[in-house]
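Residue strings, one per chain:
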Amino acid sequence: MQLTDKVALVTGGTMGIGAAIAIDLAKRGAHVAIAARNLGAEAEQTAKAIKAEGRKCVLIAADLREPEQCRKVVAETVAQLGRLDVLVHNAGGPSPGTVDKVTDQQWLDTMALHVNANFFLAAAAVPHLRKQKEGAIITVSSTAGIRGVPGAIAYATAKG
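Below or above, wherever it landed, is the structure these notes cover. Numbers given to residues run from 1 along each chain, matching the order in which its sequence is written. Thresholds applied to this predicted model are a pLDDT of at least 70 for local features of residues and 80 or more for the giving and counting of side-chain atom pairs; totals over whole chains, interfaces and linings are not thresholded and use all residues. Note that the side-chain values use all heavy atoms of the structure and ignore hydrogens as well as water.

### Some details on the nonpolar core
- Residues Leu 9, Ala 33, Leu 64, Val 73, Val 74, Leu 84 and Leu 121 are the most contacted members of the largest nonpolar core, which totals 22 residues.
- The way it works is that DSSP assigns letters per residue, a run of H or I at least four long becomes a helix, a run of E at least two long becomes a strand, and they are numbered from the N terminus. Contributing elements (two or more residues each) for this core: strand S1 (7–11), strand S2 (31–36), strand S3 (57–61), helix H3 (67–81) and helix H4 (104–132).
- Take this core: its biggest share by element is six residues, from H4.
- Apart from the residues within four sequence positions on either side, Leu 64 is in contact with Thr 11, Gln 69, Cys 70, Val 73, His 89, Ala 91, Ala 112, Leu 113, Ala 117 and Leu 121.
- The criterion is simple. A nonpolar core is a set of buried Ala, Val, Leu, Ile, Met, Phe, Trp, Tyr and Cys residues joined through side-chain atoms within 4.5 Å. For each residue, the accessible area found with a 1.4 Å probe, counting protein chains only, is set against the maximum for its type, and the residue is called buried under 20%, exposed over 50%, and partly exposed in between. If you look at the next biggest cluster of nonpolar residues, it comprises 15 residues, including Leu 3, Val 32, Ala 47 and Val 88. A contact between two residues is defined here by any heavy atoms of the two lying within 4.5 Å.

### Considering the packing of H3 against H4
- Packing of H3 against H4 brings their axes to within 8 Å, and their N-to-C directions diverge by 30 degrees. On the basis of their axis angle, the class for H3 and H4 is roughly parallel. Once H3 is placed against H4, the crossing between them reads as right-handed. Of H4, the residues touching H3 (which contributes Pro 67, Cys 70, Arg 71, Val 73, Val 74 and Val 78) are Ala 117, Phe 120, Leu 121, Ala 124, Ala 125 and His 128.
- Ten residue types, Ala, Val, Leu, Ile, Met, Phe, Trp, Tyr, Cys and Pro, are classed as nonpolar, four, Asp, Glu, Lys and Arg, as charged, and the remainder, Gly among them, as polar. For the contact of H3 with H4, the class distribution of residues is 10 nonpolar, one polar and one charged. Orientation is described by lines fitted to C-alpha atoms, with helices fitted over the stretch in contact, and by angles between N-to-C directions that extend from 0 to 180 degrees. Here the word oblique covers every angle except those under 35 degrees (roughly parallel), over 145 (roughly antiparallel) and from 65 to 115 (roughly perpendicular). Working rule for handedness: look at the near helix, and if it is turned counterclockwise from the far one by less than a right angle, call the crossing left-handed; if clockwise, right-handed.

### Some remarks on the environment of Ile 146
- Assignment of secondary structure puts Ile 146 in helix H5 (residues 144–147).
- For the pair Ile 146 and Thr 157, spaced 11 residues apart in sequence, the C-alpha separation works out to 9.2 Å.

### Brief notes about the pairing of strand S5 (residues 136–139)
- In this analysis, strands are considered paired if DSSP registers two or more bridges between them. Inspection of the sheet shows strand S4 (residues 86–89) paired to S5 by four bridges, in the parallel sense. Bridge pairing links Leu 87 to Ile 137 in S5.

### Some details on the pattern of salt bridges
- Here, a salt bridge means any side-chain nitrogen of Lys or Arg that lies within 4 Å of a carboxyl oxygen of Asp or Glu. If you walk through the whole model with that rule in mind, you get eight salt bridges.
- Between Asp 109 and Arg 65 there is a salt bridge, and its shortest N-O distance comes to 3.3 Å. You can see Asp 109 sitting in helix H4 and its partner Arg 65 sitting in the loop between S3 and H3, a full 44 residues away along the chain.
- Note on Arg 65: relative accessible area 26%, which makes it partly exposed.
- A salt bridge links Glu 68 to Arg 71; the nearest nitrogen and oxygen atoms lie 3.2 Å apart. Of this pair, Glu 68 and Arg 71 both sit in helix H3, three residues apart, which is roughly one turn of the helix.
- What emerges from the salt-bridge pattern is a single network uniting Asp 63, Arg 65 and Asp 109.

### Notes on the packing of helix H1 (residues 16–27) against helix H2 (residues 41–52)
- At a minimum axis distance of 8 Å, the contact between H1 and H2 shows a crossing angle of 15 degrees. Between H1 and H2, the interaxial angle falls into the category roughly parallel. At the point where H1 passes H2, the crossing takes the right-handed sense. Residue-level contacts link Ala 19, Ala 22, Ile 23 and Ala 26 of H1 to Thr 46, Ala 49 and Ile 50 of H2.
- Split into classes, the residues belonging to the contact of H1 with H2 amount to six nonpolar, one polar and no charged.

### Quick look at the sheet that holds S1
- In spatial order, the strands read S3-S2-S1-S4-S5; together these five strands make up an open sheet with parallel pairing. Either end of the sheet is taken by a strand with one partner, and the two such strands are S3 and S5. Strand-to-strand twist in this sheet, taken as the mean axis angle between neighbours without regard to direction, amounts to 15 degrees.
- Sheet topology places S2 next to S3; five bridges connect them, and they run parallel. Paired with Ala 36 across the strands is Ala 61, a residue of S3.
- Strands S1, S2 and S3 of the sheet are contacted by H3, whose axis makes an angle of about 155 degrees with S3.

And the structure:
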C-alpha cells in the first residue's frame, strides 16, 4: 500500500514500539493520529518527529478499554485528518499476575484493552476504510500469546 498522504491511526503510539510505528508511517508519507491514555512528553516528542517528516500529527487522549472511546478516536482522526486508511492497534502493556493473584478488575481491564478494543476500533474503522477502497488493520501482538509468560496469565491470554 502506498502511504503518501494516507492517514494512519496508531493506538499506544506515544513511546516504544508504537512510537516507532507512528514515525515509520510518517517517513513513508502518512499523516498520523496517535491515541493514548497519557499524552505527556513522550507524545509530544513523537508528534515532533512526525512533523519533522513533513506530515501532520494529531494526538488524541483516550482510554481504549471503553467502547465509546474507541469510536471517538476513529471519529476524531477522520474529523481532523479527513480520512482513515490504516489502523494500528498497539496500545497495551504487560499485566503481571498468576492465575491465583490476578484480580477480577485486572483481568477485565486487560481483556478490554487487548481484546475488546480490537473489535471496537475495527468496527469503527471499517466504514472509513471501505470508502478508500483499500486499507489495513494491524494488531500488534506478542510472543506471549504463543508461549505464554510465567506470572502474566491475563496478558498471555489476551495476546493469544
